[in-house]
Amino acid sequence: MSLIKLAIFGSTGSIGTQALEILSEKEDLFEIEILSANNNFKKLAVQANRFRPNVLILGNEEHRKDFLKLLDYKPEFLSFGPQALEDTASDADYDVLLNSLVGFAGFMSTYRALSRNKKVALANKESLVVGGSILTELTAFKEGKLIPVDSEHSAMLQCLTGESRDDIRKIVITASGGPFRDYTVQQMKSIEVKDALNHPNWDMGAKITIDSSTMMNKGLEIIEAKWLFELPVEKIEPIIHPQSIIHSIVEFVDGSSKAQLGPPDMKVPILYALTYPGRTPFPNHTLDYSRPMNLEFYPVNFEKFPCLQLAIDAAKEGGGAPAILNAANEIAVERFLNKEIRYIDIPKIIESSLNGIEISKELTPSALQTIDKETRDFAYSLLK
Ligand code: MN
């Protein structure tokens, strides 16, 4: 069997790093063909020297010289700059793209890869949140080539394997509730950056950690699930499950439910996406059922997590609304991390953006880029 040629976009981030840890033990199945990073050229060089991919992409051109000095081999192609990812997704030789870019910046790579009928393991949820109506029209999507890496969606996919989509009554998407699960509405008003960056169960990048704390992450995931499994948002129910052991539940029309369980570890969904529909042995740690274990479930307090309600409303509105929601959230989170705005200003910026920008119905990749740019400028200008 020939090796599967893998492109990893965002290889120095949390998902990319964990993927390479897995792949260093799966060199009989996969060959790393392409690696990319934006700023972290030192880590990219370490990864490149270890896996020797033919193609390397570095987004930030300023580090070009320093990066080249660190390489101990000569790759066939080196690309720099903001356009390099999209061009590589369009032109390079690979079988599977693991897209672990952060934010809307990842959309065009997903779009280009699927347009070429490549398989995409998707850790960039924003691709579907913003451009779901475009991606789901592509042949590759209809052929099942867009595989989620997000743990909840991987759980849904695993529960749905062997089932008919018509037999879904609803999907219960679990949420840890993040660090502020037990906070009062009053306490939410004085949250600082360091509090929000401290997630109880998952160790992730800064953007998604903040999104988990506001529950915007769950909102984005509801929109992601709506497109992936072609369901109305009303059929996707968020539930707080503090232990993060059940990663999601599918309830079927006959009243039966299936859940997927495991310790919170992204290596399981990463590996599943790369080997889907099959599985491959890997020594991931598992749950110990011989010890007492609690699985708790609580309803979501929407008053405390307005970002989640905004996301659900944007999904119902459709058209460009999720694109505005996503762009405004990216800017609001960035500004919160830079200590320019308060924590409770994050939903205010998103709501003002949704109200202040015209929501177009016709979506194309270029229309999405226009909405994204316009929203970012708008969201930057608020609360100055
Ligand atoms: Mn998730």
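Residues numbered from 1 in each chain as written. Predicted model: local features only at pLDDT ≥ 70, side-chain atom pairs only at ≥ 80, totals over all residues. Heavy atoms only, no water.

A. Focus on the sheet that holds strand S6 (residues 119-122). Spatially, S4-S3-S2-S1-S5-S6-S7 is the arrangement adopted by the seven strands of the open sheet, whose pairing is parallel. Each of the sheet's edge strands pairs with one partner strand only, and the pair in question is strand S4 (77-80) and strand S7 (146-148). The average angle at which neighbouring strand axes cross in this sheet is 20°, direction not considered. Sitting on the sheet, helix H1 (residues 14-23) touches strand S1 (4-9), strand S2 (30-37) and strand S5 (96-99), and the angle it makes with S1 is about 155°. This element, helix H4 (residues 84-91), spans S1, S2, strand S3 (55-58) and S4 of the sheet and lies at about 155° to S3. (Pairing = 2+ DSSP bridges. Helix = DSSP H or I, 4+ residues; strand = E, 2+ residues; numbered from the N terminus. Axes fitted to C-alpha atoms, helices over the stretch in contact; angles between N-to-C directions. Contact = heavy atoms within 4.5 Å.)

B. Layout of the coordination of the manganese ion. Distances from the manganese ion to its protein donors, Asp150 (OD), Glu152 (OE) and Glu221 (OE), fall at 2.1 to 2.2 Å. Within one chain, the residues donating to the manganese ion are spaced in sequence as D-x1-E-x68-E. Residue glutamate 152 is found in helix H8 (residues 151-160), and its partner glutamate 221 is found in helix H11 (residues 216-228); the two are separated by 69 residues along the sequence. Across the pair, glutamate 221 and glutamate 152 agree in class, each one buried. (Donors = N, O, S within 2.8 Å, 3.2 Å for Na, K, Ca; no water. Buried < 20%, exposed > 50% of the residue type's maximum accessible area, 1.4 Å probe, protein only.)

C. Here's a closer look at the packing of H4 against helix H5 (residues 107-115). Relative orientation of the contacting elements H4 and H5 amounts to 10°, with a least axis distance of 8 Å. Taken together, the axes of H4 and H5 are roughly parallel relative to one another. In this structure, H4 contributes Leu85, Glu86, Ala89 and Ser90 to the contact, and H5 contributes Met108, Ser109, Arg112 and Ala113. Class assignment for the residues of the contact of H4 with H5 results in four nonpolar, two polar and two charged. (Parallel < 35°, antiparallel > 145°, perpendicular 65-115°, else oblique. Nonpolar A, V, L, I, M, F, W, Y, C, P; charged D, E, K, R; others polar.)

D. Quick look at the packing of aromatic side chains. In total, this model carries six aromatic pairs according to the counting rule given. Consider the rings of tyrosine 272 and tyrosine 276, whose centres lie 5.7 Å apart with planes at 70°: the pair is edge-to-face. Tyrosine 272 sits in the buried class, given a relative accessible area of 5%. Through pairs of rings, three or more aromatic residues link up here, namely Phe180, Tyr183, Phe336 and Tyr343. The ring of tyrosine 94 is capped by lysine 118, whose NZ or CZ atom sits 5.3 Å from the centre of that ring. (Phe/Tyr/Trp six-rings, centres within 6.5 Å; stacked < 30°, edge-to-face > 60°. Lys NZ or Arg CZ within 6 Å of the ring centre and 35° of its normal.)

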